[in-house]
Amino acid sequence: MPAPVVRLSVLNADQPTPLVESRFDQWGETTHRPEGLERWAIELDPSGEWVIAGSVSAHQVWYGPNQGSMAINIGISLRPEFRGSGIAQVAVCDLVAQLHDRGIARVEASTDVDNTPAQRLLSRCGFTYEGVAHGAQVRADGRHDLQIWSHLQVTNG
Ligand SMILES: CC(C)(COP(=O)(O)OP(=O)(O)OC[C@H]1O[C@@H](n2cnc3c(N)ncnc32)[C@H](O)[C@@H]1OP(=O)(O)O)[C@@H](O)C(=O)NCCC(=O)NCCS
């Protein structure tokens, strides 16, 4: 199966994130914008006209008070009708490559312990499973354990 043709288009701060129905995106009231948040629409060209299939996001996670200790945590959501055809894989691989090209050594993703499609996606994109952050995330339906996955930049020597 050929990989779908996908592009990532920057969403400015005043542009809403494309609405995606998912039980993993039901936040209830949100009070905090993650540090350094960036968002992109995932666009697909199935028949000559770009359509929005979902979005990816990236935000900073600081493990120490210097630039080298900054990781980027990414997220993705596809509209249901666009799932199951490899779009997310192309989008995540593209985003990870862009972030490493910027000099980000550690790209990470956290996903619900129940979210097997996301776990398969991260594995296909070359992420390594690291473990569980217990009780790390609160959504509208309560507190959840998250799996932590990482994609480290390959360096010579
Ligand atoms: C997580 C999510 C983005 C994964 O989407 P996805 O459609 O499974 O991922 P892809 O677009 O890469 O498609 C891969 C699937 O399509 C199949 N596929 C079909 N044609 C393909 C192609 N040409 N290339 C690659 N895969 C293809 C693969 O076999 C795979 O199916 P499988 O996982 O059952 O084996 C999606 O489930 C989603 O948006 N969920 C709701 C939000 C969410 O949970 N976000 C993650 C929070 S961390």
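Just so you know, these numbers come straight off a predicted model, no measurement behind them. (Residues numbered from 1 in each chain as written. Predicted model: local features only at pLDDT ≥ 70, side-chain atom pairs only at ≥ 80, totals over all residues.)

K.L.:
Just checking my understanding: could you explain the sheet that holds strand S4 (residues 70-78) for this structure?
P.N.:
Strand pairing in a sheet relies on backbone hydrogen bonds, with the paired strands running either antiparallel or parallel. Pairing within the open sheet is mixed, and its 7 strands lie in the order S1-S2-S3-S4-S5-S7-S6. Of all strands in the sheet, those bounded by a partner on one side alone are strand S1 (6-11) and strand S6 (128-139). Direction aside, the axes of adjacent strands within the sheet are offset by 30 degrees on average. Relative to strand S2 (residues 38-44), S1 runs antiparallel, the two being bridged by 6 bridges. By the bridge assignment for S2, Val6 is matched with Leu44. (Pairing = 2+ DSSP bridges. Helix = DSSP H or I, 4+ residues; strand = E, 2+ residues; numbered from the N terminus. Axes fitted to C-alpha atoms, helices over the stretch in contact; angles between N-to-C directions.)

K.L.:
Would you explain the site of the ligand in this entry?
P.N.:
Around the ligand, 21 residues are found, and the nearest of them are Met1, Arg83, Gly86, Ala88 and Gln89. Residue assignment for the shell around the ligand shows that the elements contributing at least two residues are S4, helix H1 (87-101) and helix H2 (116-124). Residue composition of the shell around the ligand, by class: 10 nonpolar, 9 polar and 2 charged. (Near = placed C-beta within 6 Å. Nonpolar A, V, L, I, M, F, W, Y, C, P; charged D, E, K, R; others polar.)

K.L.:
What is the right way to read the environment of Pro4 from this model?
P.N.:
Its location among the elements puts Pro4 in the segment before S1. The exposure class assigned to Pro4 is partly exposed, which follows from the 17 C-beta atoms found within 10 Å. Taking C-alpha positions, Pro4 is 16 Å from Val56, a pair spaced 52 residues apart along the chain. (Buried ≥ 20, exposed ≤ 12 C-beta atoms within 10 Å, placed from the backbone.)

K.L.:
Even after reading the chapter, I still don't get the pairing of S6, so can you show me in this structure?
P.N.:
Here is the key point about a regular strand: its side chains alternate between the two faces of the sheet. Little of S6 is tucked away: 0 of the 12 residues are buried. Pairing between S6 and strand S7 (residues 142-152): 8 bridges, direction antiparallel. From the neighbouring strand, Tyr129 faces S7, where its bridge partner is Trp149. Once S6 ends, the chain turns through 2 residues before running back antiparallel as S7.

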